[in-house]
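Spelled out from the first residue to the last, the chains are:
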Amino acid sequence: SQKIEQNSEALNIQEGKTATLTCNYTNYSPAYLQWYRQDPGRGPVFLLLIRENEKEKRKERLKVTFDTTLKQSLFHITASQPADSATYLCASYGGSQGNLIFGKGTKLSVKP
Amino acid sequence: EPEVTQTPSHQVTQMGQEVILRCVPISNHLYFYWYRQILGQKVEFLVSFYNNEISEKSEIFDDQFSVERPDGSNFTLKIRSTKLEDSAMYFCASSEGPGWEKLFFGSGTQLSVL
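In this text, all values refer to a predicted model and were calculated from it rather than measured experimentally.

Asker: Can you lay out the environment of B:Val47 for me, pointing to particular residues and giving the numbers?
Answerer: All names here are of chain B. Summarising the element assignment, Val47 is placed in strand E5 (residues 44-50). Taking C-alpha positions, Val47 is 6.8 Å from Phe61, a pair spaced 14 residues apart along the chain. When residues no more than four places from it in sequence are discounted, the contact partners of Val47 are Phe32, Tyr33, Trp34, Ile54, Glu56, Lys57, Phe61 and Val67.

Now the structure itself:
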């Protein structure tokens, strides 16, 4: 079955550094990947969408890459701030189901 | 910015009781969804709804669950005969286009089944 995997449960970094989060997919080839931010007790908030024909996409301090050979997307936050601390979710089309499925997320903690 | 509204924010119920979770999607959106998240686990797809009917549902969404759009603004999830394992955060979401579009999520209803 189609899977979206985020193998790092948690990432701790120092303020000002670049955070890099990884998302891998297996058993299918999604046409796009999405990234969401989730704060405790809140619903996910959409950040970025990248299509398979786009190698890279940027939005302010955020950058997403999509490598169809490695079956992987990387999510970068440059010049990280404590306010960036949250869980970041990777998501994509659920293959035959056609609806968005989510990875388990990576909890990012940015220390001042 | 328009947002998805969910009520109540918390719901406590006894095992075996029925609950109805309510959502008001963004007004010009055509696709509606319910997801759930058990504490510490991933956000899981339950059901999608378009043009007044279910378009997709997951294995989780069995006969215990039903959805309805009773009027032009509300979208509800009914859980019959609740079980302890139904305890989770339930999120409603909506989108302008089909499932590959970005989803807008509500703040969720925390359901606790005792």
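Asker: So, the state of the cysteines: which residues are in play, and what are the values?
Answerer: Scanning the entire structure with this criterion turns up two disulfides over all chains. Sulfur-sulfur distance for the disulfide between A:Cys23 and A:Cys90 comes to 2.0 Å. Torsion about the S-S bond of the A:Cys23 and A:Cys90 cystine: about -65 degrees, corresponding to left-handed handedness. Here the residue A:Cys23 occupies a position in strand E3 (residues 19-26), and A:Cys90 occupies one in strand E9 (residues 86-93), the gap between them amounting to 67 residues. We note that A:Cys23, like A:Cys90, is buried. Here B:Cys23 engages in a disulfide with B:Cys92; their sulfurs sit 2.0 Å apart. When the S-S torsion is -65 degrees, as for the bridge of B:Cys23 with B:Cys92, the disulfide is left-handed. You can see B:Cys23 sitting in strand E3 (residues 19-24) and its partner B:Cys92 sitting in strand E9 (residues 88-95), a full 69 residues away along the chain. The class of B:Cys23 is buried, set by a relative accessible area of 0%.

Asker: Which residues make up the nonpolar core, and what values do they have?
Answerer: Within the largest apolar cluster, 23 residues are counted, with the highest numbers of intra-cluster contacts made by A:Ile4, A:Leu33, A:Trp35, A:Phe75, A:Ile77, A:Tyr88 and A:Leu108. Counting only elements with at least two residues in this core, the list comes to E3, strand E4 (32-38), strand E5 (45-51), strand E7 (62-67), strand E8 (72-77), E9 and strand E11 (106-111) of chain A. The dominant element in this core, judged by the number of residues it contributes, is E3(A), at four residues. Grouped together as the second largest cluster of nonpolar side chains are 21 residues, B:Cys23, B:Phe32, B:Phe61 and B:Tyr90 included.

Asker: An account of the packing of aromatic side chains is needed here, citing residue identities and associated values.
Answerer: With the rule as written, the count across this model stands at 18 aromatic pairs over all chains. A centroid spacing of 5.9 Å and a plane angle of 90 degrees characterise the contact between A:Tyr25 and A:Phe66, whose relative ring orientation is edge-to-face. Linking A:Tyr25 in strand E3 with A:Phe66 in strand E7, this pair joins segments that are 41 residues apart in sequence. Relative to B:Phe105, the ring of A:Phe102 has its centre 5.9 Å away and its plane inclined at 70 degrees; by these criteria the two rings are edge-to-face.

Cut-offs applied
Residues numbered from 1 in each chain as written. Chains lettered and ligands numbered in written order. Predicted model: local features only at pLDDT ≥ 70, side-chain atom pairs only at ≥ 80, totals over all residues. Heavy atoms only, no water. Helix = DSSP H or I, 4+ residues; strand = E, 2+ residues; numbered from the N terminus. Contact = heavy atoms within 4.5 Å. Disulfide = S-S within 2.5 Å. Buried < 20%, exposed > 50% of the residue type's maximum accessible area, 1.4 Å probe, protein only. Core = buried A, V, L, I, M, F, W, Y, C linked by side-chain atoms within 4.5 Å. Phe/Tyr/Trp six-rings, centres within 6.5 Å; stacked < 30°, edge-to-face > 60°.

Just geometry here; none of it tells us what the structure is for.
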